[in-house]
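Per-entry structural report
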Amino acid sequence: IGLTLVSLLLGRVVASRCSRRLGQRSATILGACISTGVALFVNIITLVTHTLALNPVSHALFMQGQIGETHFSSLLIAMGLELLTVIICGLSIGLALRA
């Protein structure tokens, strides 16, 4: 509930501050993007912390994400893709705020 409230309030603050410059509709969409970006950022921080803490505690469970006989881990690949997505989201939001 706390994450939802923080995301919603931060999105509303950004939308209200940008509404004069961008227009009401664009500011509302940007506020929604900010809210989503905050939730994604908290998710990636939690995911990375949990996954890296899992390795020393239960290496066998951590290795269940291994893809076949390769050295690739689906857990690490998924974390990398989510991190890339959050970076792209952050850059997009930053460009929209500068415009």
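Residues numbered from 1 in each chain as written. Predicted model: local features only at pLDDT ≥ 70, side-chain atom pairs only at ≥ 80, totals over all residues. Heavy atoms only, no water.

1. A look at helix α1 (residues 2–22)
- Spanning 21 residues, α1 covers 29 Å between terminal C-alpha atoms, matching the ideal 30 Å at 1.5 Å per step.
- A bend of about 30° at Ser-16 is the largest found in α1.
- Taken together, the buried positions of α1 are Ser-7, Gly-11, Val-14, Ala-15 and Cys-18.
- Just downstream of α1 lies Gly-23, where phi reads positive at about 95°. (Helix = DSSP H or I, 4+ residues; strand = E, 2+ residues; numbered from the N terminus. Expected span 1.5 Å × (residues − 1). Bend = angle between axes of the 7 residues up to and from the residue. Buried < 20%, exposed > 50% of the residue type's maximum accessible area, 1.4 Å probe, protein only.)

2. Here we look at the packing of helix α2 (residues 24–57) against helix α4 (residues 74–98)
- Close contact between α2 and α4 brings their axes to 10 Å; oriented N to C, the two are set at 150°. Judged on the interaxial angle alone, α4 and α2 are roughly antiparallel. When you trace α2 past α4, the crossing you get is left-handed. Note on element contacts: α4 touches α2 through Leu-75, Met-79, Glu-82, Leu-83, Val-86, Cys-89, Ile-93, Ala-96 and Leu-97, opposite Leu-30, Cys-33, Ile-34, Gly-37, Leu-40, Phe-41, Asn-43, Ile-44, Leu-47, Val-48 and Thr-51. (Axes fitted to C-alpha atoms, helices over the stretch in contact; angles between N-to-C directions. Parallel < 35°, antiparallel > 145°, perpendicular 65-115°, else oblique. Left-handed = near helix turned anticlockwise from the far one by under 90°. Contact = heavy atoms within 4.5 Å.)

3. Here we look at the side chain of Thr-51
- Positionally, Thr-51 belongs in helix α2.
- For Thr-51, a relative accessible area of 5% corresponds to the buried category.
- A distance of 2.8 Å separates a polar side-chain atom of Thr-51 from the backbone oxygen of Leu-47.
- In this structure Thr-51 touches Phe-62, Leu-75 and Met-79, once residues within four positions along its chain are discounted. (Polar contact = N/O pair within 3.5 Å; in protein donor to acceptor, adjacent residues only side chain to side chain.)

4. Re the confidence of the model for the protein chain
- Counting all residues, the mean pLDDT for the protein chain is 86, and 100% of those residues have values of 70 or more.
- Across the protein chain, the secondary-structure element scoring lowest on mean pLDDT is helix α3 (residues 59–62), at 75, and the one scoring highest is α1, at 90. (pLDDT = per-residue confidence, 0-100.)

5. Description of the state of the cysteines
- Overall, the coordinates contain zero disulfides when judged by the stated rule.
- Cys-33 provides the cysteine sulfur closest to Cys-18, a residue in no disulfide bond, and the two sulfurs are 12 Å apart.
- Cysteine Cys-89 shares no disulfide, and the gap to the nearest cysteine sulfur, in Cys-33, comes to 6.7 Å. (Disulfide = S-S within 2.5 Å.)

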